[in-house]
Amino acid sequence: MSESFDPATKKELETFLEQQQAHARFNQSVHHFTDMCWDKCITGTPSTRFSRSEESCLTNCVERFLDTSLFMVRKIEEQREQRIA
Amino acid sequence: MSDFLKNPLSSGSSADATARKEALMNQVRSELALTNAQELINKMNEKCFLKCVTKPSTSLSSSEETCLTRCMERYMQAFDIISKSYTARLSRESLEPRL
């Protein structure tokens, strides 16, 4: 099917697909974070609105998860350097 | 010269190709939107069942249904908050050079 497109259109479609894939990866991450952070932050029965602490917990949860990931990478690198030295 | 002198095998005017391109793009968009919606519904189902239906009986009680309604709203709101938070983080990290 794609063989019937001219080179310029093919290029355009490639770019389009890359964007859509990036978008899909982003959405996958948000699903994953929402899953984790919901369990961590929403402990009571759901009410008609979030409490202030639930809302800030959700926001902080993403940030701290990413910090945790960076922290671990840094630690592992440190340990590897120590072993080499 | 005119269209009918073109090779009929290299058929399809550029308008036709544009239409096919648009159709393909729309198909990709709608399939991704569908996958995203399914994922959200599955997760929401799991989380809200866990929270609201603590002791399954012969049917859903009205209080369970109230809980489920609120839980759905909150789960979608949580998805939204987290999406914004993640977006903000990503744009911050791409601006600041990594220390």
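Parameters at a glance
- Residues numbered from 1 in each chain as written.
- Chains lettered and ligands numbered in written order.
- Predicted model: local features only at pLDDT ≥ 70, side-chain atom pairs only at ≥ 80, totals over all residues.
- Heavy atoms only, no water.
- 1 Å grid on protein atoms, 1.4 Å probe; cavity = no way out; pocket = protein on both sides within 12 Å on 5 of 7 lines; lining within 4 Å.
- Points joined across faces, edges and corners; volume = space filled by probe spheres on them.
- Helix = DSSP H or I, 4+ residues; strand = E, 2+ residues; numbered from the N terminus.
- Nonpolar A, V, L, I, M, F, W, Y, C, P; charged D, E, K, R; others polar.
- Axes fitted to C-alpha atoms, helices over the stretch in contact; angles between N-to-C directions.
- Parallel < 35°, antiparallel > 145°, perpendicular 65-115°, else oblique.
- Left-handed = near helix turned anticlockwise from the far one by under 90°.
- Contact = heavy atoms within 4.5 Å.
- Salt bridge = Lys/Arg side-chain N within 4 Å of Asp/Glu carboxyl O.
- Buried < 20%, exposed > 50% of the residue type's maximum accessible area, 1.4 Å probe, protein only.
- Disulfide = S-S within 2.5 Å.

1. Overview of the layout of surface pockets
Part 1 of the argument: Of the voids in this model, the second largest pocket is the one considered here, and its volume is about 160 Å³.
Part 2 of the argument: A:Gln20, A:His23, A:Ala24, A:Asn27, A:Gln28, A:His31, B:Arg29, B:Leu32, B:Ala33, B:Thr35, B:Asn36 and B:Glu39 together form the lining of the second largest pocket.
Part 3 of the argument: For the lining of the second largest pocket, the secondary structure elements donating two or more residues are helix 1 (7–41) of chain A together with helix 1 (14–52) of chain B.
Part 4 of the argument: In terms of residue class, the lining of the second largest pocket is made up of three nonpolar, seven polar and two charged.

2. Points about the packing of helix 1 of chain A against helix 2 (residues 52–84) of chain A
Residue and element names in this part refer to chain A.
Part 1 of the argument: Relative to each other, helix 1 and helix 2 sit at 125°, their axes nearing to 9 Å. In terms of orientation, helix 1 lies oblique with respect to helix 2. You can see that helix 1 and helix 2 cross each other, and the crossing is right-handed. Of the residues in helix 2, those in contact with His 32, Phe 33, Met 36, Cys 37, Trp 38 and Cys 41 of helix 1 are Glu 54, Cys 57, Leu 58, Cys 61, Val 62, Phe 65 and Leu 66.

3. Brief notes about the pattern of salt bridges
Part 1 of the argument: Under the criterion given, the structure shown has 15 salt bridges over all chains.
Part 2 of the argument: One salt bridge connects A:Asp35 with B:Lys47, and the closest N-O pair in it is separated by 2.6 Å. Of the two residues, A:Asp35 is situated in helix 1 and B:Lys47 in helix 1; the pairing between them involves two chains.
Part 3 of the argument: Given a relative accessible area of 16%, A:Asp35 falls into the buried group.
Part 4 of the argument: A relative accessible area of 4% places B:Lys47 in the buried class.
Part 5 of the argument: The salt bridge partner of A:Asp39 is B:Lys47, with a shortest N-O separation of 3.0 Å. In this pair, A:Asp39 sits in helix 1 while B:Lys47 sits in helix 1, so the two residues belong to two different chains.
Part 6 of the argument: Under the relative-accessibility criterion, A:Asp39 is labelled partly exposed at 46%.
Part 7 of the argument: Connected via shared salt-bridge partners are A:Glu63, A:Arg64, A:Asp67, B:Arg89, B:Arg92 and B:Glu93.

4. Considering the state of the cysteines
All names here are of chain A.
Part 1 of the argument: Using the criterion set out here, one finds four disulfides over all chains in the structure.
Part 2 of the argument: Across a sulfur-sulfur distance of 1.9 Å, Cys 37 and Cys 61 are joined as a disulfide pair. In this structure the cystine formed by Cys 37 and Cys 61 twists about its S-S bond by roughly -80°; its chirality is therefore left-handed. In this pair, Cys 37 is assigned in helix 1 and Cys 61 in helix 2, connecting sequence segments 24 residues apart. Comparing Cys 37 with Cys 61 shows no difference in burial state: the two are buried.
Part 3 of the argument: Here Cys 41 engages in a disulfide with Cys 57; their sulfurs sit 2.0 Å apart.

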